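# Report on the structure
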Amino acid sequence: MRRKRILITGGAGFIGSHLCEKLLQQGNDVVCLDNLFTGQKDNIRHLMDNPFFEFMRHDVLQDIYVECDQIYNLACPASPIHYQYDPIKTGKTSVMGALHTLGLAKRCHARVLQASTSEVYGDPEVHPQPESYRGCVNPIGIRSCYDEGKRMAETLFFDYHRQHGVDIKVVRIFNTYGPRMRLDDGRVVSNFIVQALKGEDITIYGDGMQTRSFCYVDDLVEGMIRMMDSDDSLTGPVNLGNPNEITMLQLAELVIKMTNSSSKLVHTPLPQDDPIQRKPVIEMAQKELNWQPTVSLEEGLTDTIHYFKKILEFN
Ligand code: NAD
Ligand code: UDP
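Please read all numbers here as calculations on a predicted model, not as lab measurements. (Residues numbered from 1 in each chain as written. Chains lettered and ligands numbered in written order. Predicted model: local features only at pLDDT ≥ 70, side-chain atom pairs only at ≥ 80, totals over all residues. Heavy atoms only, no water.)

### A short note on the site of ligand 1
- Around ligand 1 sit 30 residues in total, of which D34, T38, Y146, K150 and T176 are the nearest.
- At 2.6 Å from an oxygen atom of ligand 1 is found a side-chain nitrogen or oxygen belonging to Y146.
- Relative to its unbound accessible area of 810 Å², ligand 1 is 97% covered by the protein chains.
- Among the elements of the structure, α1 (14-25), α3 (87-108), β5 (111-117) and α4 (144-164) are those that each provide at least two residues to the shell around ligand 1.
- Ranked by residues supplied to the shell around ligand 1, first place goes to β5 with three residues.
- Of the residues that constitute the shell around ligand 1, the class distribution is 14 nonpolar, 11 polar and five charged. (Near = heavy atom within 4 Å. Polar contact = N/O pair within 3.5 Å; in protein donor to acceptor, adjacent residues only side chain to side chain. Areas by Shrake-Rupley, 256 points an atom, 1.4 Å probe, with all protein chains shown as cover. Helix = DSSP H or I, 4+ residues; strand = E, 2+ residues; numbered from the N terminus. Nonpolar A, V, L, I, M, F, W, Y, C, P; charged D, E, K, R; others polar.)

The following block contains the structure:
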């Protein structure tokens, strides 16, 4: 059997680089496409010598011509500070990126997987969130460029599937963390760890009672690959995340303890439309993909803290 040719948009980002690595390990031919907005060459430097790996600097706003068997569409900034930096471009990236990867999948008869998000549920009124929940999203707020962009991408995926028979897979990813997040990523796990390691104040937005459920990146990547390789009939959307829910205050205390830090907690205003609670129902992934997270928060944080310690030594 010949190697599968797999295109990963956003492949030089945090999740994308782990996905490139795992798919290469499994014997595939991987093309990593990225415009390096939030991604970094450092994330994929160790893959560059592999003859079955190619990096392509490209923006998904432009047409994509790469012959391939499978496409993972991850291109889109994911941290609120980065997707709010140029919100118009964020919306375009989700929508045009979906159109271009779907068009490519149609032409090449490739299977295409969309990295959607728990943000399609907005600030959820149903808790925990099953795939059947339609969400509570503000269409005109500061998070909308991302949330509505991702919702429109899901719509395009299902319309290409119904109208053109494109082979689609949609996963809704819940908060994922791990090595290769940027020092300046801005999301909570990296912020708290970097602040704790530097002995700086830990910034709790609002009262810190809002919750999230954190999934370690290796678990997520395993779930994404299982979804890509699942039966034709399973289009999704399928939630991928770790149902272990904690408050941001509990997370801050855990990080302080694990880093043995003297940092103090400071409260700053809660950003607009920040979801109060979030936890995935993962029964569909358990049943259809035989998948569930295996890495505990303590184990995942240990690896992530180790990574940031090394990065800080060189900065
Ligand atoms: P990330 O910012 O590290 O990765 C996104 C990648 O996309 C970066 O490498 C960036 O340079 C690239 N990119 C952005 N705009 C592009 C464009 N116009 N053309 C080409 N490349 C572009 O974020 P991540 O956490 O690795 O997220 C990857 C994907 O997973 C995103 O689509 C995100 O929405 C989704 N997701 C992530 C999480 C999470 O918790 N990490 C949760 C839900 C969904
Ligand atoms: N948060 C925080 N301090 C920070 C960064 C984030 O208290 O330094 C909070 C943020 O308000 C949110 C939660 O942590 O309630 C998760 O934020 P993140 O940006 O990681 O992801 P998202 O809000 O997209 O789930």
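### Some thoughts on the packing of aromatic side chains
- Taken as a whole and assessed by the stated rule, the structure comprises seven aromatic pairs.
- Measuring from ring centre to ring centre gives 5.6 Å for Y177 and Y216, while their planes differ by 65°; the resulting arrangement is edge-to-face. Taken together, the residues span a long stretch of sequence, with Y177 in strand β7 (residues 176-177) and Y216 in strand β10 (residues 215-216) at a distance of 39 residues.
- Residue classification places Y177 among the buried positions, given a relative accessible area of 1%.
- Judged by its relative accessible area of 5%, Y216 is buried.
- Pairwise contacts between aromatic rings join Y121, Y133 and F174 into one cluster. (Phe/Tyr/Trp six-rings, centres within 6.5 Å; stacked < 30°, edge-to-face > 60°. Buried < 20%, exposed > 50% of the residue type's maximum accessible area, 1.4 Å probe, protein only.)

### Thoughts on empty space enclosed by the protein
- Scanning the entire structure with this criterion turns up one cavity of 30 Å³ or more.
- The computed volume of the largest cavity comes to approximately 30 Å³.
- If you trace the largest cavity, you find it lined by N73, L74, A75, C76, T93, S94, Q114 and K150.
- Tallied by class, residues from the lining of the largest cavity come to three nonpolar, four polar and one charged. (1 Å grid on protein atoms, 1.4 Å probe; cavity = no way out; pocket = protein on both sides within 12 Å on 5 of 7 lines; lining within 4 Å. Points joined across faces, edges and corners; volume = space filled by probe spheres on them.)

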